[in-house]
Amino acid sequence: MDASAPPIALVISDVDGTLVTSDKRLTPATRAAVRRLGQAGIGFTVASSRPPMGLGSLVAALDLRLPLGAFNGSTLVAPDLTVLSETLIPAAVAREAVDRLARDGLDIWVFAHGAWNLRDPRAPYTDLERRTLGAEPNVVADLDPLLDHAAKIVGVGADVQHLAACETALAAALGEGADVHRSQAYYLDVTPAGAGKGGFVDALSRRLGIDRSRIATLGDAGNDVPMFARSGLSIAMGNAGPDVKAAAGAVTADNDSEGFSRAIEEFVLHRPSA
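Residues numbered from 1 in each chain as written. Predicted model: local features only at pLDDT ≥ 70, side-chain atom pairs only at ≥ 80, totals over all residues. Heavy atoms only, no water.

### Some thoughts on the environment of Thr126
Within the secondary structure layout, Thr126 lies in helix 4 (residues 126-133). A residue is classified by how much of its surface remains accessible, and Thr126, at 2% relative accessible area, is buried. Along the sequence, Thr126 and Trp109 sit 17 residues apart, while their C-alpha atoms lie 9.7 Å from each other. Non-local contacts of Thr126, meaning those with residues more than four positions away in its chain, are made with Trp109, Trp116, Leu118, Asp120 and Pro121. (Helix = DSSP H or I, 4+ residues; strand = E, 2+ residues; numbered from the N terminus. Buried < 20%, exposed > 50% of the residue type's maximum accessible area, 1.4 Å probe, protein only. Contact = heavy atoms within 4.5 Å.)

Structure (structure tokens):
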């Protein structure tokens, strides 16, 4: 580590693929690492593609006390999940995104009015999302009325290569109208432009009075790269792709091999990892 670097005052972590294991568990080592941050006087919070409802269990398990970033950071919520600020996708952009995702043959989820909305409750990955969020979807016949109030739209598909191609094409089509990133290999997220995880780092820096050079970020996916660019210390998980690792200042073990706790020990608390 650079001995001249300022000490870390705040850690912001992605959730799925980073803080939790592949089966969505918080390990004892992860819980202990968050406690050690608190004991060292270092703040901790999360920025996730999850909606606010999917963050409540983390607040309770980790005793989170700072604002959290839902929908890739475009919605700021208090630990009691009260919305502090919210940015929505422009309606015309949301409709274009849904039209293109439908033409690509993807299942479509729309997060609006605080609910997870979809047309087919038995489509692939709905059971996984139920377990992740601890909530049931709102089944609707028509998604269009929700698109005036969409906080996040997700294209869902099991064909990873097809979804990667859809990501490239949709990002080009929407341009500056929205941010387009896969949060998981099988989830293609459309969120408000410029209000992603990089913006969340900026918002917490201003709100807490902590210079960005004293903020550490951890993540595993393309939607985490913007917060890497806005923080003084960035750490990619071992399960991240090559481009994500290249964008980070350090790389730790994967999320199923205690990568989060090892990163906290080695790179944040400056102690050798176990």
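Further notes follow.
### Quick look at the nonpolar core
Counting 44 residues, the largest nonpolar core has Val11, Phe44, Ile264 and Val268 as the members making the most contacts within it. The dominant element in this core, judged by the number of residues it contributes, is helix 9 (residues 259-268), at five residues. In this view, Val268 contacts Ile8, Val11, Leu37, Ile42, Ala216, Leu233, Ile235 and Ala263; residues no more than four positions away in its chain are not counted. Counting 24 residues, the second-largest nonpolar core is a separate cluster that includes Ala94, Leu101, Ala150 and Ile153. (Core = buried A, V, L, I, M, F, W, Y, C linked by side-chain atoms within 4.5 Å.)

### Points about unusual backbone geometry
A positive phi is found at Asn72, a non-glycine position, where the angle reads about 60°. Of note, Asn72 is situated in the loop between strand 3 (68-70) and strand 4 (75-77). Classification of Asn72 by relative accessible area gives buried; the value is 3%. Positive phi values are uncommon outside glycine, yet Leu81 reaches one of about 70°. Positionally, Leu81 belongs in the loop between strand 4 and strand 5 (83-86).

### Quick look at the pattern of salt bridges
Taken as a whole, this structure holds 16 salt bridges when the rule is applied. Across the salt bridge formed by Glu265 and Arg36, the nearest N and O atoms sit 2.4 Å from each other. Separated by 229 residues along the polypeptide, Glu265 in helix 9 and Arg36 in helix 1 (residues 28-39) bring together distant segments of the chain. Exposure remark for Arg36: the relative accessible area of 24% places this residue in the partly exposed category. Between Arg100 and Glu96 there is a salt bridge, with its nearest N and O atoms 3.1 Å apart. Taken as a pair, Arg100 and Glu96 lie in helix 3 (residues 91-103) at a separation of four residues, close to a single helical turn. Accessibility expressed as a relative area gives 32% for Arg100, which makes it partly exposed. For Glu96, a relative accessible area of 29% puts it in the partly exposed group. Overlapping salt bridges bring together Asp14, Lys197 and Asp224 as one network. (Salt bridge = Lys/Arg side-chain N within 4 Å of Asp/Glu carboxyl O.)

### Quick look at the packing of aromatic side chains
A complete count under the given rule lists seven aromatic pairs for this structure. With 4.7 Å between their ring centres and 85° between their planes, Tyr186 and Tyr187 make a pair best called edge-to-face. Using a relative accessible area of 7% as the deciding quantity, one classes Tyr187 as buried. Clustering of aromatic rings is evident, with ring pairs tying together Trp109, Trp116, Tyr125, Tyr186 and Tyr187. (Phe/Tyr/Trp six-rings, centres within 6.5 Å; stacked < 30°, edge-to-face > 60°.)

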